[in-house]
Amino acid sequence: MELNEQDQGVFQHVNPLHIFVERVAGLIYAVALGGIILITDLVLFFSGMTSIFYLVMYAAALAYAGMTFVIKAVWPGISYRYTFWRLNEDGLEIRRGVFWRHQISVPRARVQHADVSQGPLQRQYGIARLTVHTAGTLNASVVLNGLTHSMAIELRNQLVRQGKEIHVV
Amino acid sequence: MSSDPRDSRPPDESAKRSAPDGQLPDLPDGVGEAAGKMERGQLSDEIAPSEDPELGAATGNLPTPPMEWLHPTSLIFDLIAYVRKYIVPSLFALFTAASGSWVGIGFATIIFVPVILVSITRYFTLRFAIRNNELIVTEGLFFREARAVPCSRIQNVDLVQNVLHRLIGVAEARIETASGTEPEAILRVLSLAKIEHLRKEIFSRRERMAALPEAGESESPRGMPGTTTVTEAPETVLQIPTGWLVRAGLASNRGFVMVSILLGLYFQFDQGFELLENWNIQQATGWLNQNLGVSAQVLIGLLTALAFLVLLRLVGIAWFLLRFHGYRLVRIGEDLRISCGLFTKVSATVPVRRVQFISIHQNLIMRWMNLASIRIETAGGAGRESENPTATVARRWFIPVLPVDQVPAILTRLRKDLQWQSDNLDWHSLAPRAGTRLLRMALIQSCFCLLLVAFGIIQALYLNHADALFMGSWWPFSITLGLLIPPLLIIHAIKQSRSKKYARTDYGVVYRSGILTWKTSVTFFEKIQTLRVDQSPFDRYWKMARLSIDTAAAGPADHLISVPYLDAAFVKQEFAELNRKTAFHQPRFG
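What counts and how
Residues numbered from 1 in each chain as written. Chains lettered and ligands numbered in written order. Predicted model: local features only at pLDDT ≥ 70, side-chain atom pairs only at ≥ 80, totals over all residues. Heavy atoms only, no water. Helix = DSSP H or I, 4+ residues; strand = E, 2+ residues; numbered from the N terminus. Buried < 20%, exposed > 50% of the residue type's maximum accessible area, 1.4 Å probe, protein only. Contact = heavy atoms within 4.5 Å. Pairing = 2+ DSSP bridges. Axes fitted to C-alpha atoms, helices over the stretch in contact; angles between N-to-C directions. Parallel < 35°, antiparallel > 145°, perpendicular 65-115°, else oblique. Nonpolar A, V, L, I, M, F, W, Y, C, P; charged D, E, K, R; others polar. Core = buried A, V, L, I, M, F, W, Y, C linked by side-chain atoms within 4.5 Å. Domains from an automatic or database assignment. Phe/Tyr/Trp six-rings, centres within 6.5 Å; stacked < 30°, edge-to-face > 60°. Arc of directions from axis to C-beta. Salt bridge = Lys/Arg side-chain N within 4 Å of Asp/Glu carboxyl O. pLDDT = per-residue confidence, 0-100. Patch = residues over 30% accessible without salt bridge, like charges linked within 9 Å, V, L, I, M, F, W, Y side chains within 5 Å. Areas by Shrake-Rupley, 256 points an atom, 1.4 Å probe, with all protein chains shown as cover.

1. Side note on the overall build of chain B
1) Next: For chain B, the helix and strand inventory stands at 21 helices and 20 strands.
2) Next: With 590 residues in all, chain B has 45% of them scored as buried.
3) Next: Here the contacts in chain B between residues at least 6 apart in sequence split such that 63% fall between residues at least 24 apart.

Put into structure tokens, the structure is as follows:
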């Protein structure tokens, strides 16, 4: 969802380091994928599958890996520009999505519990993922990835502390 | 909000356990904790009194209720329950064993012996009692499992009674809490007197515990102390006469569902051991082709189709009569209790405070007859697709059939602030251009259908040369289909754009949708869990958005509040407003 001026001050981006972390993780994946495809191609090629058809297939597989590489390098930056969150007295609101835009709001009193988790790469750069659980069915857990770790902890504490004394369903 | 013990999470339960209600703590504290967490194998012998049914006597002057056993016939019913659960392999085992082959007997042994052993173990190890305001159920031979369910958390003690149960005078009791999809405990089976006793014990404790903290809360919306509600005489709210059920059966597609299930079973068996191999339809049709003229064949075909339709409706009626015969909705205190069933009797409680979602359904035939059915969703009732009898009755089919003009009265019973006048609501239709958009989609789809027509024409013209291209002579079918579908698509698009409506009221949100089957659903601000707006690239082009509202236990009502093709500006404003309302209306009572 595009933000207009009045929203700009209230909504926040996640930590920009998240772009870097996502990019590195994506590129590692793309390189691994490319490596596997390349090895498979070479093995098949030298085992005698050298007709035109096979050569085209090899090229297509390699092109796919290359595409993955480019997308993984570019996408985190684009996706970052369209991800916002805000916490106000009503609750947590998240907006994300480049083509398909989503906007989810979790009122404070509906938070059942919240987790903060980190992958190995994220731990290196102090990035974390916040998962907010509600008693709902379809959006039973709402994820906000790429927060600064301390910020994620702070958010979790704020969300959980308030919801504690109230019935949730 | 004051903290209420019903709300406390397990770590806080010690506070509740010491509630001064005169109960005698006959369990050591630590054991209670362990039991509360349902840990396995940590049970000390002191609270596993399977060997000391005279525990109550041993403790002398303390009137501790002894741990109770299930009814002796439980052995049989347990076995039946298992066989029903795995009906296909069980029947297979029985048939193969009956045929006398050693393989079959071995197979049956493999299936039945463990089940029998499990049933026997369950019967001889399962004990239950109410102690310290908790229902305690212990079970298991090697891995002892004890679960302690605080009475305050028990929502329902539901009852299922099939014919055999009724002959013996027993029933299956299902203890339900708000958590999870399965009943917290199933006591299969108990004598009716015992269940009634258990029910009374649990509910009186629950009310007593609920009354304690609320006494100080003067502004509590339901300030009346629970103890008075227990003594209130049950009041019949609704009884469904057989005539309504017959009409509901006529209107429903239940027969179709049942027949397809039967067909599915038939094919399963057919593949299993080809019992019905000699049932040869081809022979019959062959005979028909030889001995009758075309018109007679068409007549027979039509009659068969008609008979099949009548059969489907009859099956539907039979299903409704079996399930809901003698339906009675009774108010007891604040809760509603449903009892119904012809052979298998079900008695289920609806915890009115926990109703999350109310849905009124009317299919085409029901509308002709001015009937409706009401479904509800309660927290913890989000059963999976499986239709266990009590969930089916209490949620999926809260009220299976009701004249439309009686709907408002019933809804007011569910919630006092729900003054149902669906015509007076501030309905918002879809975005003005939604009709155009849907129509355009239908037209694009129609183009594909016209492609089908074109292929058919080509095939018809060049049939001789084209045999290899288009298999066989399908052209009459493709042309008819291609010409029939586009109008239907267009009608559907127009109807769809007109049928969806959304409204916000003082208490919550109402959504209506459906072309043939109208579904109108209500949820309440304090029951809304999350709000969501989605916009696809197409939505952005058309300046529209989808507004979705998530509640707990969504599913049984078979309707979601997710409104597509709304005007984007309206959605933006509505989202903010709903956000504010949802945050403001906090869930007050469990």
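2. A word on the sheet that holds strand β7 (residues 235-239) of chain B
All names here are of chain B.
1) Next: The strand order β6-β5-β4-β10-β9-β8-β7 describes an open sheet built from 7 strands, whose pairing is antiparallel. The open sheet has two edge strands with one neighbour each: β6 (185-191) and β7. Neighbour to neighbour, the strand axes of the sheet diverge by 20° on average, direction disregarded.
2) Next: Where strand β5 (residues 170-177) lies against β6, 5 bridges are found, and the strand directions are antiparallel.

3. Here's the deal with the packing of helix α2 (residues 17-46) of chain A against helix α3 (residues 52-81) of chain A
Angle between the axes and distance between the axes are the two parameters that describe a pair of packed helices.
Residues and elements named next belong to chain A.
1) Next: Packing of α2 against α3 leaves a shortest axis separation of 8 Å and a crossing angle of 180°. In terms of orientation, α2 and α3 fall into the roughly antiparallel class.
2) Next: Grouping the amino acids of the contact of α2 with α3 by side-chain chemistry returns 20 nonpolar, 4 polar and 4 charged.

4. Re the nonpolar core
As a rule of thumb, nonpolar side chains are buried together in soluble globular proteins.
All names here are of chain B.
1) Next: Residues Leu 238, Leu 329, Ile 374, Phe 398 and Ile 399 are the most contacted members of the largest nonpolar core, which totals 43 residues.
2) Next: Residues from two domains meet in this core; each of domain 2 (244-324) and domain 3 (328-430 + 500-584) gives at least three.
3) Next: Ignoring anything within four residues of it in the chain, the contact list for Ile 374 reads Ile 358, Ser 359, Ile 360, Trp 397, Phe 398, Ile 399, Leu 402, Val 407, Ile 410 and Leu 411.
4) Next: Of all hydrophobic cores here, the second largest spans 28 residues; its members include Ala 434, Ile 528, Met 544 and Leu 547.

5. Remarks on the pairing of strand β17 (residues 518-524) of chain B
Residues and elements named next belong to chain B.
1) Next: Most of β17 is tucked away, with 6 of its 7 residues classed as buried.
2) Next: In this structure, strand β11 (residues 355-362) lies alongside β17, joined through 6 bridges in antiparallel fashion. Pairing of His 361 across the sheet is with Lys 519, part of β17.
3) Next: The pairing of strand β16 (residues 508-513) with β17 spans 6 bridges and is classified as antiparallel. Among the inter-strand pairings, Val 509 is bridged to a residue of β17, identified as Thr 523.

6. Structural notes on the environment of Leu 425 of chain B
All names here are of chain B.
1) Next: Assignment of secondary structure puts Leu 425 in the loop between α16 (407-414) and β14 (428-429).
2) Next: For the pair Leu 425 and Val 510, spaced 85 residues apart in the sequence, the C-alpha separation amounts to 8.7 Å.
3) Next: Ignoring anything within four residues of it in the chain, the contact list for Leu 425 reads Ala 503, Thr 505, Tyr 507 and Val 510.

7. Considering the sheet that holds strand β2 (residues 134-139) of chain B
The strands making up a sheet associate through backbone hydrogen bonding, with each pair oriented either parallel or antiparallel.
Residues and elements named next belong to chain B.
1) Next: Across the sheet, which stays open at both edges, the 3 strands sit in the order β1-β2-β3 with antiparallel pairing between neighbours. Of all strands in the sheet, those bounded by a partner on one side alone are β1 (127-131) and β3 (145-150). Direction aside, the axes of adjacent strands within the sheet are offset by 15° on average.
2) Next: Note that β2 and β3 share 6 bridges and pair antiparallel.

8. Let's talk about the packing of aromatic side chains
A ring pair, where both rings are aromatic, is described by two values, the distance of the centres and the angle of the planes.
All names here are of chain B.
1) Next: Under the definition given, this model contains 14 aromatic pairs over all chains.
2) Next: Between the aromatic rings of Trp 69 and Phe 124, the centroid separation amounts to 6.3 Å while the plane-to-plane angle is 85°, which identifies the pairing as edge-to-face. Of this pair, Trp 69 sits in the loop between α3 (55-58) and α4 (74-85) while Phe 124 is found in helix α6 (residues 102-125), placing the two residues 55 residues apart along the sequence.
3) Next: A ring pair is formed by Trp 319 and Phe 324, whose centres lie 5.8 Å apart and whose planes are at 80°; its orientation type is edge-to-face. Comparing Trp 319 with Phe 324 shows no difference in burial state: the two are buried.

9. Thoughts on helix α10 (residues 242-251) of chain B
All names here are of chain B.
1) Next: For α10, the set of buried residues is Trp 244, Leu 245, Ala 248, Gly 249 and Ala 251. Taken end-on, α10 shows its buried residues confined to a sector of 160°, consistent with a single buried face.
2) Next: Here the buried face of α10 lies against β7, α13 (294-324), α14 (364-368) and β13 (399-403).

10. Looking at the environment of Trp 244 of chain B
All names here are of chain B.
1) Next: Here Trp 244 lies in helix α10.
2) Next: As a C-alpha pair, Trp 244 and Met 369 span 125 residues in sequence and 10.0 Å in three-dimensional space.
3) Next: Not counting chain neighbours up to four residues away, the residues in contact with Trp 244 comprise Leu 238, Gln 239, Val 401, Leu 402, Pro 403 and Gln 406.

11. As for the side chain of His 165 of chain B
1) Next: Structurally, His 165 of chain B can be placed in helix α7 (residues 163-168).
2) Next: Not counting residues within four places of it along the chain, the set of residues in contact with His 165 of chain B comprises Phe 77, Val 160, Val 170, Ala 171, Glu 172 and Val 189 of chain B.

12. A short note on the pattern of salt bridges
1) Next: Under the definition given, this model contains 20 salt bridges over all chains.
2) Next: Across the pair Glu 93 of chain A and Arg 86 of chain A runs a salt bridge whose closest N-O atoms are separated by 3.0 Å.
3) Next: Given the relative accessible area of 17%, Arg 86 of chain A is considered buried.
4) Next: Salt-bridge contacts for Arg 147 of chain B lead to Glu 145 of chain B; the nearest nitrogen and oxygen are separated by 3.3 Å.
5) Next: One connected set of salt bridges, linked through shared partners, spans Asp 78, Arg 122, Glu 139, Glu 172, Arg 174 and Arg 188 of chain B.

13. Focus: the confidence of the model for chain B
Residues and elements named next belong to chain B.
1) Next: For chain B, per-residue confidence averages 76 on the pLDDT scale, and 74% of positions sit at 70 or higher.
2) Next: The secondary structure element of chain B with the lowest average pLDDT is helix α1 (residues 13-17), at 37, and the one with the highest is helix α20 (residues 537-541), at 95.
3) Next: Throughout residues 214-230 the model reports pLDDT below 50, and contacts reaching past four residues in sequence, or to other chains, amount to 22 contacts.
4) Next: Low pLDDT, under 50, characterises residues 272-277; the stretch is placed with 7 contacts to residues that sit more than four places away or in other chains.

14. Overview of α16 of chain B
Residues and elements named next belong to chain B.
1) Next: Regarding α16, the residues found buried are Val 407, Ile 410, Leu 411 and Leu 414. Relative to the axis of α16, the buried residues are bounded by an arc of 100° and lie together on one face.
2) Next: Residues of α16 that are buried sit in contact with β7, β8 (328-332), β9 (335-340), β11, β12 (371-378) and β13.

15. Some details on the environment of Thr 138 of chain B
Residues and elements named next belong to chain B.
1) Next: Structurally, Thr 138 can be placed in strand β2.
2) Next: For Thr 138, a relative accessible area of 0% gives the class buried.
3) Next: In the structure, Thr 138 is positioned 10 residues away from Phe 128 in sequence and 6.3 Å away in space, judged by C-alpha atoms.

16. A look at a nonpolar patch on the surface
Residues and elements named next belong to chain B.
1) Next: Together, Ile 76, Ile 80, Val 163, Leu 164, Leu 167, Ile 168, Leu 322, Leu 342 and Phe 343 make up an exposed nonpolar region whose accessible area comes to about 760 Å².
2) Next: Of all the elements in the fold, those that place two or more residues in the nonpolar patch are α4 and α7.
3) Next: By the secondary structure assignment, Ile 76 is in helix α4.

17. Let's talk about the pairing of strand β3 (residues 101-107) of chain A
In the case of a regular strand, side chains alternate between the two sheet surfaces.
1) Next: Summarising burial for β3 of chain A: 6 of the 7 residues are buried, a large majority.
2) Next: Pairing of strand β2 (residues 91-96) of chain A with β3 of chain A involves 6 bridges; the strand directions are antiparallel. Bridging across to β3 of chain A, Gly 91 of chain A finds its partner in Pro 107 of chain A.
3) Next: Here β2 of chain A folds back onto β3 of chain A in antiparallel fashion, the turn holding 4 residues, of which Gly 97 of chain A has a positive phi close to 115°.
4) Next: One ladder, built from 5 bridges, connects β3 of chain A with strand β18 (residues 528-535) of chain B; its direction is antiparallel. Each residue of the ladder has a partner; that of Gln 103 of chain A, found in β18 of chain B, is Val 533 of chain B.

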